[in-house]
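Okay, here's what each chain looks like letter by letter:
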Amino acid sequence: MHDTYTEILLPFASSPKLFEQYTNAWGGLRTGMLMEHLDSLAGSIAYKHMLGPGVETLGRIRERGFYIVTASVDRLDVLAPLLPVRDIRLSGVVIYTGTSSMEVAVKMEALGANGVEGTLLLGRFAMVCRDARTRKARPVNPLILASPEETALYSIGENAKKRRQVLALRSLSRVPPSSAEAAELHSMYLQYGQENGHHLSNYERVWMGDTHLEKTMLMFPQERNVHQKVFGGYLMRLAYELGFANASLFTRSHVTFMSLDSISFAKPVPIGSILRLTSQVLHTSPPEERLGVVHVGVQANVVDVQTGHEQTTNDFRFTWYPDDGAAVLRTVVPKTYQEAMLWLEGKRALEMGDQIRGERNKK
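This is a predicted model, so every value here is computed, not measured.

A.B. asks: Tell me about the overall build of the protein chain, and please be specific about residues and values.
C.D. replies: Regarding its fold elements, the protein chain presents seven helices and twelve strands. Put simply, the protein chain has 363 residues, and 47% of those count as buried. Sequence-distant contacts in the protein chain: of pairs separated by 6 or more residues, those separated by 24 or more amount to 73%. For the protein chain, the computed accessible surface area is about 18300 Å², with 53% contributed by carbon and sulfur atoms. For the protein chain, the distance from the average site of its 40 positive side-chain charges to the average site of its 38 negative ones is 6 Å.

In structure tokens, the structure reads:
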């Protein structure tokens, strides 16, 4: 396992020139660009596991006989503020292997004069290996565990894969919501959803359908990966920035990133294609909660120019909160059954994030 460990140093505090390339309009770091690096790092680590630590270059995919793609991103959870700007280390390691899949754990750490100051972010990428000729699943190298720490990490990766399989079986696209979820949805409808119902004076209702924000782009070859498709990390950055804009418009304030709750990579995005990114606010914390959060979904579709048909390639889910930690006094409310299922999915994501941060704070 330890042979797959890889790190990248980004000396933002000690290199003003580098910081200038990553700075945002508020003097901080562009989180979307850091996500782009994390996706690239996870891919490099997966190839390192397959090729061995001594291989410096990938070479031609057909000559290698296989290629690796990102299947999903389970989570990226921010554990500490990115400000003030410090030198940052991005690192990762393969913690679990299945038959043709790998779990890559990534970490972002702040570095000071005396070493690591703290962990800023933790996350997991699910990578899959494919045969370069048949495009079918190809077996990956098994992990060799050399210490109790590596065995513990392996268990974490194994449990993450099992949890992902359980969540897939519980998906609202497959099974109906639980009785408790149905009751909560009905309660929300009674309180917020009726056109002529009683309205509280301390919040503003916003229909989910009115939160749509989109952008349409042409995909250029400068953003290609080794498979001659659009780099997944670039898509992550585009989705993050659109979602950030939507969360800011919804809350009417600058927002801070809390978590990337999930990403699915259904199909590759071809070079030269037209990509439509559509975002909408899926869930908001109740107005009475002190710390308001906004959960935003972004869908990426490739548009067929001749027919106008759109095919979904990626689905992204992000969570933000207002910089001042204030409550969100605008409440998103679904109007259709499909929107209601998206609302419940957002609620599940927020509950999962609360659970993860709660467990982390106990340590």
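A.B. asks: Now, about the nonpolar core: what can you tell me, with residues and values included?
C.D. replies: Membership of the largest hydrophobic core comes to 89 residues, with the highest contact counts inside it found for Leu76, Phe125 and Phe318. Non-local contacts of Phe125, meaning those with residues more than four positions away in its chain, are made with Leu38, Asp39, Ala42, Thr70, Ser72, Val73, Leu76, Met102, Glu103, Val104, Val106 and Met236.

A.B. asks: Provide a residue-level description of the environment of Leu76, including the pertinent values.
C.D. replies: By secondary structure assignment, the location of Leu76 is in strand 2 (residues 66–78). When its relative accessible area of 0% is taken as the criterion, Leu76 is described as buried. It is 9.9 Å that separates the C-alpha atoms of Leu76 and Leu38, two residues lying 38 residues apart in sequence.

A.B. asks: Can you explain the packing of aromatic side chains? Please cite residues and give values.
C.D. replies: By the definition in use, this model includes twelve aromatic pairs. Relative to Trp320, the ring of Phe244 has its centre 6.4 Å away and its plane inclined at 70°; by these criteria the two rings are edge-to-face. In this pair, Phe244 sits in helix 6 (residues 232–251) while Trp320 sits in strand 11 (residues 310–322), placing the two residues 76 residues apart along the sequence. Just as Phe244 is buried, Trp320 falls in that class too. The aromatic ring of Phe250 is capped on one face by Arg330, whose charged end is 5.1 Å from the ring centroid. Above the face of the Trp207 ring, Lys335 is positioned so that its terminal group lies 4.8 Å from the ring centre.

Rules of the game
- Residues take numbers from 1 onward in each chain, read along the sequence in its written order.
- Only residues with pLDDT of 70 or above have their local features reported here, since the model is predicted, and side-chain atom pairs are shown and tallied only from 80 upward, although totals for entire chains, interfaces and linings are computed over all residues.
- Each side-chain value is derived from all of the structure's non-hydrogen atoms; neither hydrogens nor water enter the calculation.
- Working definition: helices are DSSP H or I runs of at least four residues, strands are E runs of at least two. Numbering for both runs from the N terminus.
- Accessible area is worked out with a 1.4 Å probe on protein chains only. A residue is then buried under 20% of its type maximum, exposed over 50%, and partly exposed in between.
- The contact definition used throughout considers only heavy atoms, calling two residues in contact when any of these lie within 4.5 Å.
- Using the Shrake-Rupley algorithm and a 1.4 Å probe, accessible areas are obtained, with residue cover drawn only from the displayed protein chains.
- Counting rule for charge: Lys and Arg are taken as positive, Asp and Glu as negative, and neither His nor the chain ends is counted.
- The location of each charge is read from NZ of Lys, CZ of Arg, CG of Asp or CD of Glu.
- Think of a nonpolar core as a cluster: buried Ala, Val, Leu, Ile, Met, Phe, Trp, Tyr and Cys residues, connected wherever their side-chain atoms sit within 4.5 Å.
- Here a pair means two rings of Phe, Tyr or Trp (six-membered ring of Trp) with centres within 6.5 Å. Their orientation is stacked below 30 degrees between planes, edge-to-face above 60, and tilted elsewhere.
- Either the NZ atom of lysine or the CZ atom of arginine qualifies as a charge over a ring when it sits within 6 Å of the ring centre and within 35 degrees of the ring normal.

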